Amino acid sequence: MTFCENIRQETAFYFEASFDHPFVRGIAKGDLPLETFAYYIAQDAYYLKHYAKVLALAAAKATNAEDMPFFLEMARYIHEAELDIHRTTFQTLNIDPQFEAAPAAVNYVNYLYRVVQDGDIAEVMAAILPCPWLYQEIGQRFKHAKPSEPLYQQWLDVYSSDEMATSVANQQQLMDRLATAAPEKAVKLAQHFKRSCFYEWQFWEMAWTAQDWTKEVQLHESR
């Protein structure tokens, strides 16, 4: 099997946990409280801003002439397309642009920066791939859901689109090529992929519980 085929089997638990998470189910059903979605959008905007920067940094590590423009184009798309949707949603939901990034979002972003700083291009790809791959599968899983809330329908439309499917397929192809070229790194690449899958699951949980720094301390003290 290819790296992507194998790692998808190994991380099936994380994917299913995301499909079944009440936050994701709430979007598909249309009954997720809008304030919960607003919290998520703010945190996701923070994540995507840094995700685009990680992609740009990854381009500098590319050793193949075709890979540098690939990463730069991905960074451009995130910056212009997805973040533009988030900016519009900020206005619709009256989100304070001075929001504070939550612990789970900060942890995920910091992890990606560590990988792009210390790892090679294959490691970076393994760490960033779970995000688009998971969202594309969520889009496909719930593309017929038809939630009554227009914002949720827009969200599902983005991730169930043919454009998203093509983008993820191209990223999987690149991941397989990089993994094939470095078989000695198979364990490390799998570790990066799995850790990002865990952080993706934490992102739903973070939004569902409205995680913040004070709440984390209070939960600890109540135990």
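Since the structure is predicted, the reported quantities are computational estimates derived from the model, not experimental observations.

Trainee: I keep staring at the overall build of the protein and nothing clicks. Help me out?
Mentor: Counting its regular elements, the protein contains 12 helices and zero strands. Ordering the α and β elements of the protein from the N terminus gives α-α-α-α-α-α-α-α-α-α-α-α. A compact globule built from 223 residues should have a C-alpha radius of gyration of about 17 Å, and the protein, at 17 Å, falls within 12% of that. Relative to its 223 residues, the protein shows a buried fraction of 52%. Working note: accessible area of the protein is about 11100 Å², and carbon and sulfur atoms make up 53% of it. Separation between the mean location of the 19 positive side-chain charges and that of the 30 negative ones in the protein comes to 3 Å.

Trainee: Even after reading the chapter, I still don't get unusual backbone geometry, so can you show me in this structure?
Mentor: What is expected of a backbone is that most residues other than glycine have negative phi and most peptide bonds are trans. Located in the positive-phi region is Asn-94, a residue other than glycine, with phi close to 55°. Topologically, Asn-94 is positioned in the loop between helix H5 (67-92) and helix H6 (103-118). On the basis of relative accessibility, which here comes to 66%, the residue Asn-94 falls in the exposed class. Residues other than glycine seldom take positive phi values, yet Ala-210 does so here, at roughly 55°.

Trainee: How should helix H1 (residues 3-10) be read in this particular structure?
Mentor: Listed as buried for H1 are Phe-3, Cys-4, Ile-7 and Arg-8. Along the axis of H1, the buried residues cluster in a sector spanning 125°; they form a single face. Buried residues along H1 sit in contact with helix H2 (12-19), helix H8 (130-141), helix H10 (162-181) and helix H11 (186-209).

Conventions adopted
- Counting from 1, residues in each chain are numbered in the order their sequence is written.
- Totals for whole chains, interfaces and linings use every residue, but because this is a predicted model, local features are given only for residues with pLDDT of at least 70 and side-chain atom pairs only at 80 or more, for both listing and counting.
- Here the side-chain values reflect all heavy atoms present in the structure, with hydrogen atoms and water set aside.
- Here a helix means four or more residues in a row that DSSP labels H or I, a strand means two or more in a row labelled E, and each is numbered from the N terminus.
- Radius of gyration means the value over C-alpha atoms here, while the globule rule gives 2.2 Å times the residue count to the 0.38 power.
- Here the term buried applies to any residue with accessible area under 20% of the maximum for its type, exposed to any over 50%, and partly exposed to those in between, with areas from a 1.4 Å probe on protein chains only.
- For the area figures, the Shrake-Rupley method with a 1.4 Å probe applies, and any residue is considered shielded solely by the protein chains shown.
- Counted as positive: Lys and Arg. Counted as negative: Asp and Glu, with His and the chain ends omitted from the count.
- Taken as the charge location is NZ of Lys, CZ of Arg, CG of Asp or CD of Glu.
- When we speak of the arc, we mean the arc of directions from the helix axis to the C-beta atoms.
- The contact rule is simple, with two residues in contact once any of their heavy atoms fall within 4.5 Å.

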